[in-house]
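The chain contents come next:
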Amino acid sequence: MEIVIITGASKGIGRQLLSQFSDTGATVYGMARTNPESLHTMYEVDVADYGKSSAILEGIISQHKDEANSFTLINNAGMIDPISLAGSLDSLKIEQAIQVNLTAPIQLINTFIDALKDFRGTKKVLNISSGAGRHAYEGWSIYCTTKAGLDHFSRVVALEQQKADYPTGIVSIAPGIIDTGMQETIRSSSEKQFPHLKRFIAYKQEGQLSSAQKTAEKLVRFVKETNFLESEPIADIRQFD
């Protein structure tokens, strides 16, 4: 039995991943702030509520630990705000973005590894990162910083797990530019807040955005076909087209 747990699973890539992994026969659970389709496998939780989200993850693992042969955690939940130049950032939004984009996945990975330290089956963590974690964009200081932090955390965990008795594989992957609500948020910002605005508007107008469905298809294939223990911990989905 393959168990897959996905955060931010109510829309965008997360919703597509939940659907497509289910179609492969995996047992899939989602975590999200909303559950618009009233899915019985979706837990309504804000990932920034570390106590609650970690307890849910532990519960799923405990429920299936004796029958599963693999567990996969996909940290997909994320937010692009605040979009603004340093000096005019909203302090509360800074804190919220760091909690959602960086602290929450770290907490969940920590729980995942601990709860499965004696599990001898396959264990994978896929972090949905961004090219913004590897390149600097004016106006995206917080988003770039949190994604860079997630990448580097993944590198460290990959090193640590080489010494574990029953290691967990981890990959932080950039999924490309996708036509989701996050892109709508970017396009609704001002050029003063985000100097690269015209370029991102052009991506939409020129049809250069990938669909959430197509991106999820690539990610599902990547998870299923890649040995995470032998893979580099930093990846870009476009390398696997």
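In what follows, the structure referred to is the one given above.
If you're wondering where the values come from, they're calculated on a predicted model, not measured in any experiment.

A.B. asks: I'd love a proper account of the side chain of Ser130, names of residues and values included.
C.D. replies: The topology assignment puts Ser130 in the loop between strand 5 (122–128) and helix 4 (141–161). Using a relative accessible area of 12% as the deciding quantity, one classes Ser130 as buried. Only 2.9 Å separates the side chain of Ser130 from the backbone nitrogen of Ala132, close enough to count as a polar contact. Other than its neighbours up to four places away in sequence, Ser130 contacts Tyr143, Lys147, Ile173, Ala174 and Pro175.

A.B. asks: Requested: an account of helix 4, with residues and values cited.
C.D. replies: The α-helix winds at 3.6 residues per turn, so residues separated by three or four positions along the chain end up facing the same way. Taking 1.5 Å of rise per residue, 21 residues should cover 30 Å, and helix 4 covers 30 Å from first to last C-alpha, within 8% of that figure. For helix 4, every residue scored as buried is listed here: Ile142, Tyr143, Cys144, Thr146, Lys147, Leu150, Asp151, Ser154, Val157, Ala158 and Gln161.

A.B. asks: I'd like to hear about the side chain of Lys123, residue by residue, with values.
C.D. replies: Within the secondary structure layout, Lys123 lies in strand 5. This buried residue, Lys123, is left without a salt bridge; Asp118 holds the nearest opposite charge, at 7.7 Å. Among the polar contacts made by the side chain of Lys123, one reaches the main-chain carbonyl oxygen of Phe119 at a distance of 3.3 Å. Those residues in contact with Lys123 that sit more than four places away from it in its chain are Phe71, Phe112, Leu116, Lys117, Tyr166, Pro167, Thr168 and Gly169.

A.B. asks: With reference to specific residues and values, describe the sheet that holds strand 1 (residues 2–7).
C.D. replies: Pairing in this open sheet of seven strands is parallel, and the strands run 3-2-1-4-5-6-7 from one edge to the other. Two strands in the sheet have a free side with no partner beyond their single neighbour: strand 3 (42–44) and strand 7 (234–236). Each strand of the sheet is rotated relative to its neighbour by a mean of 20 degrees, with strand direction disregarded. In the sheet, strand 4 (residues 70–75) pairs with strand 5 via six bridges, with the strands oriented parallel. Across the sheet, the residue bridging to Asn75 is Asn127, located in strand 5.

A.B. asks: Break down the pairing of strand 4 for me, citing the residues and quoting the values.
C.D. replies: For strand 4, a buried count of six out of six residues is recorded, marking the element as mostly surrounded by other parts of the structure. Bridge analysis of strand 1 against strand 4 gives five bridges, and the strand direction is parallel. Bridge pairing in strand 4 places Val4 opposite Thr72. You can see the chain leave strand 4, run along helix 3 (residues 91–115) and come back into strand 5, and the turn it takes is right-handed.

About the criteria used
- Residues numbered from 1 in each chain as written.
- Predicted model: local features only at pLDDT ≥ 70, side-chain atom pairs only at ≥ 80, totals over all residues.
- Heavy atoms only, no water.
- Helix = DSSP H or I, 4+ residues; strand = E, 2+ residues; numbered from the N terminus.
- Buried < 20%, exposed > 50% of the residue type's maximum accessible area, 1.4 Å probe, protein only.
- Polar contact = N/O pair within 3.5 Å; in protein donor to acceptor, adjacent residues only side chain to side chain.
- Contact = heavy atoms within 4.5 Å.
- Expected span 1.5 Å × (residues − 1).
- Lys, Arg positive; Asp, Glu negative; His and termini not counted.
- Salt bridge = Lys/Arg side-chain N within 4 Å of Asp/Glu carboxyl O.
- Pairing = 2+ DSSP bridges.
- Axes fitted to C-alpha atoms, helices over the stretch in contact; angles between N-to-C directions.
- Right-handed = clockwise from strand over helix to strand, strands pointing away.

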